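Listed below are the residues making up each chain.
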Amino acid sequence: MGEMDYQLIESKWQKKWREKKAYESNPDKREKFYLTAAFPYPNSPQHIGHARTYTTTDVYARFKRMQGKNVLLPMAFHVTGTPILAMAKRIAEKDEELLKIFETIYGIPRGKAAELTDPKELVTYFSKEIEQGMQEMGFSIDWRRKFYTFDPRFNKFIEWQFRKLKRLGFITKGSHPVPWCPRDNNAVGSHDTKGDVDPELGEYVLIKFKYKDGFLVAATFRPETIYGVTNVWFNPKANYVKVKFNGEKFVVSAEAAEKLKMRHSDLTVEEKNVKIASGEECENPMGGKKVPLYPASFVDSKNGSGIVMSVPAHAPYDYLALRDLGKAQGIIQVLKIEGFGEFPAKEVVEKMQVKDQNDPKAEEATKEVYRKEAHGGTMVVGKYKGEPVLEAKEKIKGDMIAEKKALIMNEIINGPVFCRCGALCGVKTVEDQWFIDYGNEEWKEKVRGHFAKMSIIPKKAIAEYEYTINWLKEKACARASGLGTKFPFDEKKMIESLSDSTIYMAYYTIAHKLAELKPEELDEKFFDYVLLGEGKGNAKMDALRKEFLYWYPLDSRHSGADLIHNHLTFFIFNHVAIFPHELWPRQIVTNGFVLMDGGKMSKSLGNILSLRSAVKKFGADVVRFSVVSGAELGADSDFNQTLAEGIDARIKIINDLIEQSVKNKDKAEWGKSDADKWLASRWGKRVAHAEELFEQLQLREVAQEIFYNTINDIRWYQKRIGNGKQNLRKLLEEWVLLVSPFMPHLAEELWEKLEGTKKGMVVEQKLPKASAKYDENAERAEQLVISLLEDTENILKMIKRTEPPKKISIYCASDWKRKVYEIVYAEKRFDTSMKKAMALPEVKPYAKMVAKAVEQYVKNVAGLSSKLMSQKEEVKVLEGAAEFLGKEFSCEFSVMKEEDAAKMGEAHKKKAEFSQPNKPSIFIE
RNA sequence: GCAGGGGUUCCAGAGCUUGGUCAAAUGGGCAGGGCUUAGAACCCUGUGGCUUAGGCCUCCGCAGGUUCAAAUCCUGCCCCCUGCACCA
């Protein structure tokens with residue numbers, strides 16, 4: 001049998017598709033189908049994980065083509081933002097870790113990698129690499145439309161989009177705290193930090209306790225507990241300083257002063273080494289009570305302000321530290337929670353037997369108390385007495401800030417976080433920050449309205465979108481640095497990367513024709529006309545508008561499920577804002593990730609499989625099939641060698657069958673035997689079902705049906721029909737077409753073997769219509785044979801006979817039993833079934849046996865089938881299979897009616913009485 | 001904390017919407033057999049327990065409930081994963 005050289009086959013057909021311009025799509029008379037997948041970010045080559053979304057999209061595109069649609073699948077590269085800059089910088093710094101990953105995982109020689117210190121160079125290199133990989137995967141992409149998001153023409157398009165948003169009132173301005181690197185003078189995201197840590201911001205409330213000529217500021221997450229303050233803590237080992245900003249003087253730790261400077265640029269240090277003495281007093285701004293200052297070791301000068309207010313009723317650390325000092329009296333209750341008395345902190349500490357403030361269990365106790373109090377607590381003191389803690393907290397915070405009793409301090413709570421440049425990151429409040437106001441209620445309402453009409457696949461994701469739509473608020477849309485498009489209303493800023501990729505699908509429709517125009521020609525009027533039909537346009541613009549209107553709206557958007565909570569929802573928002581409703585997107589499809597050998601792929605584990613090396617090793621079609629057929633769309637699918645080998649083996653089985661069928665010159669028609677009818681029916685059902693499954697992107701299910709299950713059916717068929725009689729021609733033809741969306745290269749190759757060139761290539765074929773119909777009788781008949789075979793095997797196994805059987809006699813149940821069976825099927829109960837059965841004249845003569853039969857059927861009432869064969873039909877079917885069954889057991893095999901058993905002797909007769917409809921009795925000698 | 005997803009037989013993973021045909025698909029692993037000089041591949045059989053005639057018992061995170069009947073429906077509980085942004 002022929003060997004399959006995947007690489008040869010792949011390049012052969014890729015070349016033919018190219019020559020044919022099979023995937024260059026232009027408007028024509030056909031109905032269009034326009035789909036896109038989230039474009040890649042080329043700061044590294046792609047791994048098999050990336051292949052999931054693109055393969056899903058491509059399978060869908062190929063399926064739609066086979067439905068006769070004019071399909072457009074374009075691709076471009078997203079280069080906006082800072083990760084590419086960060087990557088180039090790391091290379092310039094000869095980051096060993098990075099170069100090693102490039103070398104070992106992606107096979108990029110060190111020399112080559114080291115050259116990629118210029119961001120544009122880096123982009124060019126990796127985008128070529130990615131494009132090459134996509135070509136090798138056989139994705140049916142119209143590459144003429146490729147662009148980069150830093151292309152001047154695309155910049156003009158994005159500027160247009162932002163001007164539109166501004167005019168609609170969706171661009172706002174304000175201030176915003178961000179994680180910040182003081183050395184780079186830029187916001188930091190996870191890819192800018194050492195170890196790729198994502199800096200998390202937390203918000204402390206700094207409460208001003210009057211102290212000497214200024215304030216001690218205590219940092220807290222729980223401002224509502226201000227009523228329960230008994231004292232204020234400082235750490236005797238910490239270094240405190242007096243600083244001045246906003247015209248006021250504050251005592252804080254030296255570390256806190258550093259952090260505060262990032263927000264308050266007017267901050268000056270008035271006095272270093274401020275000594276705080278135990279027992280000194282300060283004044284609670286809420287009520288003006290004087291409270292003492294005490295030392296405590298649990299206070300960390302790096303957290304917050306380095307000063308902490310003490311609320312021993314509700315904070316285990318505070319209670320412990322006071323107990324350590326022997327001053328745990330005069331505790332003040334602030335709130336109550338079910339299941340606790342006045343002082344939850346004290347109770348928990350005592351219950352958990354926490355020794356002192358340095359006991360690790362103190363942390364646990366704190367979590368326990370905080371969780372309960374935040375969730376179910378109710379205030380028992382103060383202005384908001386009786387209100388839930390959660391609400392009172394916000395109100396008290398707001399009040400105190402308004403009355404200048406407190407201020408806000410943002411901090412990285414999972415710190416210390418270091419920038420790649422080595423500097424410690426802090427928090428900066430960016431003034432003049434620009435936002436897209438996704439919180440706009442009117443806008444949201446329009447989005448909700450359209451979302452309800454969209455097709456969301458898988459359906460499970462709907463709730464997540466709805467949650468996101470409701471939750472979205474102002475989204476910062478400009479940054480100090482990065483590649484991409486300049487922010488049109490502040491040329492010193494760049495548009496942030498999630499904000500420039502929300503309507504680019506519109507750009508693809510005309511991207512390949514814009515080269516003829518100069519960037520400056522693509523002004524506001526240009527896009528107003530081409531994309532919105534507003535204003536006046538020339539002939540060229542008219543042509544572009546037509547093209548745009550042919551493809552838009554987008555029929556299907558594809559991406560990983562992780563983008564639901566930002567990109568995909570932004571995508572809906574922006575379309576709704578900018579375009580008329582008839583051009584709003586129709587469908588979104590999201591998929592899960594790819595696991596490697598059951599685990600998550602990660603750089604640190606080094607278990608990343610690069611896409612191109614996977615293709616080399618396993619073949620494009622095997623990789624394609626693996627990543628989309630391994631799990632349901634929304635679930636993560638696993639990739640591993642065994643899976644790939646299993647697919648490979650089955651491809652070879654089909655290839656052999658095809659070669660054999662061609663050699664035998666099989667006629668393109670189904671055989672007439674029972675086995676043929678059975679196979680035709682089973683296959684016909686699958687073909688008929690496939691279109692719906694493809695439509696819903698139930699690719700795992702399609703794969704299961706037409707790949708694995710069909711091959712299992714073929715195995716039974718071959719066994720059943722015997723050597724030399726098989727004809728699988730029709731099935732194979734249809735099979736090749738049905739798997740072609742998954743395995744386009746192999747499909748072409750197999751199709752050519754089967755059909756030559758007279759019908760053209762697979763890419764020109766339509767989805768097959770089932771050549772055989774579901775045949776209930778054929779399937780029921782064959783099922784009878786299958787279960788008889790199984791039952792016989794069971795019995796043989798059970799009786800542990802050493803010598804093979806000499807003769808097997810089969811007795812098919814009498815027709816009166818079938819009557820009884822039907823009655824039980826309808827009645828489901830013993831008593832009524834009995835009554836009805838005995839009323840029938842044809843049953844009556846068997847009165848003695850009826851009760852037994854009814855009992856049998858009732859017991860198995862769930863397993864009864866709605867339609868029965870007659871005794872005559874059953875005998876006929878089994879006689880047809882007698883030769884086969886005899887061969888299986890290498891013995892004589894006879895099929896008779898139950899009534900004939902008596903002739904064979906008493907033993908036969910007794911056994912035959914056990915026969916049931918669908919379950920003939922088996923007598924083995 | 002909020003939101004979403006999930007817990008099934010050695011593993012992965014279907015089934016749950018529409019309760020019965022579910023000891024529970026399919027794939028993998030493992031065991032035995034066949035083929036082979038041997039192995040790989042391939043094919044067959046087995047893989048909860050008991051059982052010398054196709055049977056019985058137990059079982060689908062835990063605990064209850066509804067029903068003639070529950071992996072599937074209802075209630076409560078436990079555990080795991082993901083996201084919560086200015087970052088692609």
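Residues numbered from 1 in each chain as written. Chains lettered and ligands numbered in written order. Predicted model: local features only at pLDDT ≥ 70, side-chain atom pairs only at ≥ 80, totals over all residues. Heavy atoms only, no water.

Considerations on the overall build of chain A
Summing up its helical and strand segments, chain A has 31 helices and 28 strands in all. For chain A, the C-alpha radius of gyration of 38 Å lies well beyond 29 Å, the compact-globule estimate for 925 residues. The dimensions of chain A, computed from C-alpha atoms along their principal axes, are 120 × 75 × 55 Å. Here chain A holds 925 residues, and the buried ones make up 54% of them. Taking the intrachain contacts of chain A between residues at least 6 apart in sequence as the baseline, contacts between residues at least 24 apart amount to 76%. Carbon and sulfur atoms make up 51% of the accessible area of chain A, which totals about 41,400 Å². Counting 146 positive and 135 negative side-chain charges, chain A places the averaged centre of each group 1 Å from the other. (Helix = DSSP H or I, 4+ residues; strand = E, 2+ residues; numbered from the N terminus. Rg over C-alpha atoms; globule rule 2.2 N^0.38 Å. Buried < 20%, exposed > 50% of the residue type's maximum accessible area, 1.4 Å probe, protein only. Contact = heavy atoms within 4.5 Å. Areas by Shrake-Rupley, 256 points an atom, 1.4 Å probe, with all protein chains shown as cover. Lys, Arg positive; Asp, Glu negative; His and termini not counted. Charge placed at Lys NZ, Arg CZ, Asp CG, Glu CD.)

Concerning helix H19 (residues 611-618)
Looking at H19, one finds that the buried residues are Leu611, Ala614, Val615 and Phe618. Buried residues of H19 fall within an arc of 100 degrees about the axis and therefore sit on the same side. Residues of H19 that are exposed and angled more than 90 degrees away from the buried face: Lys616 and Lys617. Buried residues in H19 make contact with helix H1 (6-20), helix H2 (48-66), helix H6 (119-136), helix H20 (620-629), strand S25 (637-639) and helix H21 (641-663). (Arc of directions from axis to C-beta.)

Here we look at the sheet that holds strand S28 (residues 921-924)
Taken together, three strands build an open sheet; the order of strands is S27-S26-S28 and the sheet is mixed. Lying at the two open borders of the sheet, with one neighbouring strand each, are strand S27 (892-897) and S28. On average, each strand axis in the sheet is inclined to that of its neighbour by 20 degrees, with strand direction left out of account. Here strand S26 (residues 807-812) runs beside S28; their pairing, made up of four bridges, is antiparallel. (Pairing = 2+ DSSP bridges. Axes fitted to C-alpha atoms, helices over the stretch in contact; angles between N-to-C directions.)

Considering the packing of aromatic side chains
For the structure shown, the criterion picks out 53 aromatic pairs. On the numbers, 4.3 Å between centres and 15 degrees between planes, the contact of Tyr204 with Phe221 is stacked. Here the residue Tyr204 occupies a position in strand S5 (residues 201-211), and Phe221 occupies one in the loop between strand S6 (214-220) and strand S7 (231-234), the gap between them amounting to 17 residues. Judged by its relative accessible area of 10%, Tyr204 falls in the buried class. (Phe/Tyr/Trp six-rings, centres within 6.5 Å; stacked < 30°, edge-to-face > 60°.)

Some remarks on the protein's contact with RNA strand B
In the vicinity of RNA strand B, 52 residues are found, and the nearest of them are Tyr41, Arg479, Ser497, Asn566 and Ala862. Note that a phosphate oxygen of RNA strand B is positioned 2.7 Å from one of the side-chain N or O atoms of Lys460. In this structure, Ile922 approaches RNA strand B through a main-chain N or O atom, which is 3.2 Å from a base nitrogen. Of the residues that constitute the surface near RNA strand B, the class distribution is 19 nonpolar, 16 polar and 17 charged. (Near = heavy atom within 4 Å. Polar contact = N/O pair within 3.5 Å; in protein donor to acceptor, adjacent residues only side chain to side chain. Nonpolar A, V, L, I, M, F, W, Y, C, P; charged D, E, K, R; others polar.)

What about the nonpolar core?
Residues Ile48, Phe157, Trp443, Phe579 and Phe742 are the most contacted members of the largest nonpolar core, which totals 202 residues. Considering every element that reaches this core, the biggest residue donor is helix H23 (residues 699-721), with eleven residues. If we skip the residues at most four places from it in the chain, Trp443 touches Leu165, Phe170, Ile436, Asp437, Tyr438, Phe573, Asn574, Val576 and Ala577. The next biggest cluster of nonpolar side chains, apart from the first, holds 37 residues, and it includes Cys282, Leu335, Met379 and Ala406. (Core = buried A, V, L, I, M, F, W, Y, C linked by side-chain atoms within 4.5 Å.)

A closer look at the environment of Thr225
As for its position among the elements, Thr225 is in the loop between S6 and S7. With relative accessibility at 4%, the residue Thr225 sits in the buried group. Thr225 has contacts with Met309, Val311 and Val334, leaving out every residue within four places of it along the chain.

With respect to the side chain of Asn640
With respect to the helices, strands and loops of the structure, Asn640 is situated in the loop between S25 and H21. Using a relative accessible area of 18% as the deciding quantity, one classes Asn640 as buried. Here the side chain of Asn640 touches Thr642 through a polar contact of 3.2 Å, landing on its backbone nitrogen.

A few points about the sheet that holds strand S3 (residues 171-181)
Here we have four strands laid out as an open sheet, ordered S4-S3-S17-S19, and antiparallel in their pairing. This sheet does not close on itself; its edge strands, each paired only once, are strand S4 (186-187) and strand S19 (474-476). Summarising the sheet, strand S17 (residues 426-437) and S19 pair through three bridges and their orientation is antiparallel. Looking at the pairing, Phe435 lines up with Ala476 of S19.

Let's talk about the confidence of the model for chain A
Summing up the model confidence of chain A, the mean pLDDT is 89 and the portion of residues at 70 or higher is 99%. Here helix H11 (residues 361-376) stands out as the least confident element of chain A, with mean pLDDT 76; strand S2 (residues 70-72) is the most confident, with 98. This prediction of the complex comes with two scores: 0.88 for pTM and 0.92 for ipTM. (pLDDT = per-residue confidence, 0-100.)

What about the pairing of strand S12 (residues 290-295)?
Bridging between S7 and S12 involves three bridges; their strand directions are parallel. Residue pairing across strands places Trp233 opposite Tyr294, the latter belonging to S12. Note that strand S11 (residues 281-283) and S12 share three bridges and pair antiparallel. Bridge pairing in S12 places Glu281 opposite Pro292. From the end of S11 to the start of S12, which pair antiparallel, there are six residues, and Gly287 there has a positive phi angle of about 105 degrees.

Examining helix H4 (residues 96-106)
Every α-helical turn comprises 3.6 residues, leaving residues that sit three or four positions apart pointing alike. Every buried residue of H4 is accounted for by Leu98, Leu99, Ile101, Phe102, Ile105 and Tyr106. Down the axis of H4, the sector holding all buried residues measures 160 degrees, keeping them to one side. In H4, the exposed residues that point more than 90 degrees away from the buried face are Glu97 and Thr104. Packing partners of the buried residues in H4 comprise helix H3 (83-92), helix H5 (110-114) and H6. The backbone nitrogen of Glu97 lies 3.0 Å from a side-chain oxygen of the residue at the head of H4, namely Asp95. In the stretch just after H4, Gly107 is the one whose phi turns positive, near 65 degrees.

Comments concerning the side chain of Ser501
Here Ser501 lies in the loop between strand S21 (494-495) and helix H15 (504-511). Apart from residues no more than four positions distant in its own chain, Ser501 is found in contact with Phe39, His78 and His567.

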